[in-house]
Amino acid sequence: GGRAAVIFNATIMNDQHRDVLKWFLQNCNLYKMIVNPSGTFKCTSIETYSFIFIKGTPTQKIEYYEFETNKIKSIQSNTIV
């Protein structure tokens, strides 16, 4: 039931990491995904993803935010069936 956030580089959305994403959807309420623009974190110049979740219950709905430098590019809300 704990709340947490984890930062991944953009490769988390590649097919090779499908199992990690599947685990989050099945074992955590991944209620927010934030796409951070490249350069958000000093150590990387690529896009990163922030997963904000509550452990213990499967994901039913995800709020998806995509940022550009200094502004929100898009917001979506998706229900997982």
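Structure shown above.
Residues numbered from 1 in each chain as written. Predicted model: local features only at pLDDT ≥ 70, side-chain atom pairs only at ≥ 80, totals over all residues. Heavy atoms only, no water.

1. Details of the environment of Lys61
Let me state the cut-off plainly: Note on conventions: DSSP H or I runs of at least 4 residues are helices, E runs of at least 2 residues are strands, and numbering of each starts at the N terminus. For every residue, the accessible area obtained with a 1.4 Å probe (protein chains only) is divided by the maximum for its type, and the residue is called buried under 20%, exposed over 50%, and partly exposed between those limits. Contacts between residues were defined by any pair of non-hydrogen atoms, one from each residue, lying within 4.5 Å.
One can find Lys61 in strand 4 (residues 61–68). By relative accessible area, Lys61 is classed as partly exposed at 48%. Counting along the chain gives 36 residues from Lys61 to Leu25, while the straight-line C-alpha distance between them is 9.7 Å. If sequence neighbours within four positions are ignored, Lys61 has contacts with Asn29, Leu30, Tyr31, Ser77, Asn78, Thr79 and Ile80.

2. Side note on the packing of aromatic side chains
So the rule is basically this: Working definition: a ring pair exists when centres of Phe, Tyr or Trp rings (six-membered ring for Trp) sit within 6.5 Å. Plane angles under 30 degrees give stacked, over 60 give edge-to-face, the rest tilted.
On inspection of all chains with the given rule, the structure shows five aromatic pairs. When the centroid spacing of 5.9 Å and the interplanar angle of 90° are considered together, the rings of Phe8 and Phe24 count as edge-to-face. With Phe8 in strand 1 (residues 3–9) and Phe24 in helix 1 (residues 18–27), this residue pair connects regions lying 16 residues apart in the sequence. What makes Phe24 buried here is its relative accessible area of 6%. Where Phe24 meets Phe51, the ring centres are 5.2 Å apart and the plane angle is 90°; that geometry is what we call edge-to-face. With Phe24 in helix 1 and Phe51 in strand 3 (residues 48–55), this residue pair connects regions lying 27 residues apart in the sequence. Under the relative-accessibility criterion, Phe51 is labelled buried at 0%. Joined through ring pairs, the aromatic side chains of Phe8, Trp23, Phe24, Phe51 and Phe53 make up one cluster.

3. Focus: the nonpolar core
Heads up, the rule is: Residue types Ala, Val, Leu, Ile, Met, Phe, Trp, Tyr and Cys, when buried and joined through side-chain atoms within 4.5 Å, form a set referred to as a nonpolar core.
The biggest cluster of nonpolar side chains holds 13 residues, and the ones touching the most others in it are Phe24, Leu30, Met33, Tyr49, Phe51 and Phe53. Elements represented by at least two residues in this core include exactly helix 1, strand 2 (28–36), strand 3 and strand 4. Considering every element that reaches this core, the biggest residue donor is strand 2, with four residues. Setting aside residues up to four positions removed in sequence, Phe51 forms contacts with Ala4, Ala5, Val6, Phe8, Ile12, Leu21, Phe24, Leu30, Lys32 and Met33.

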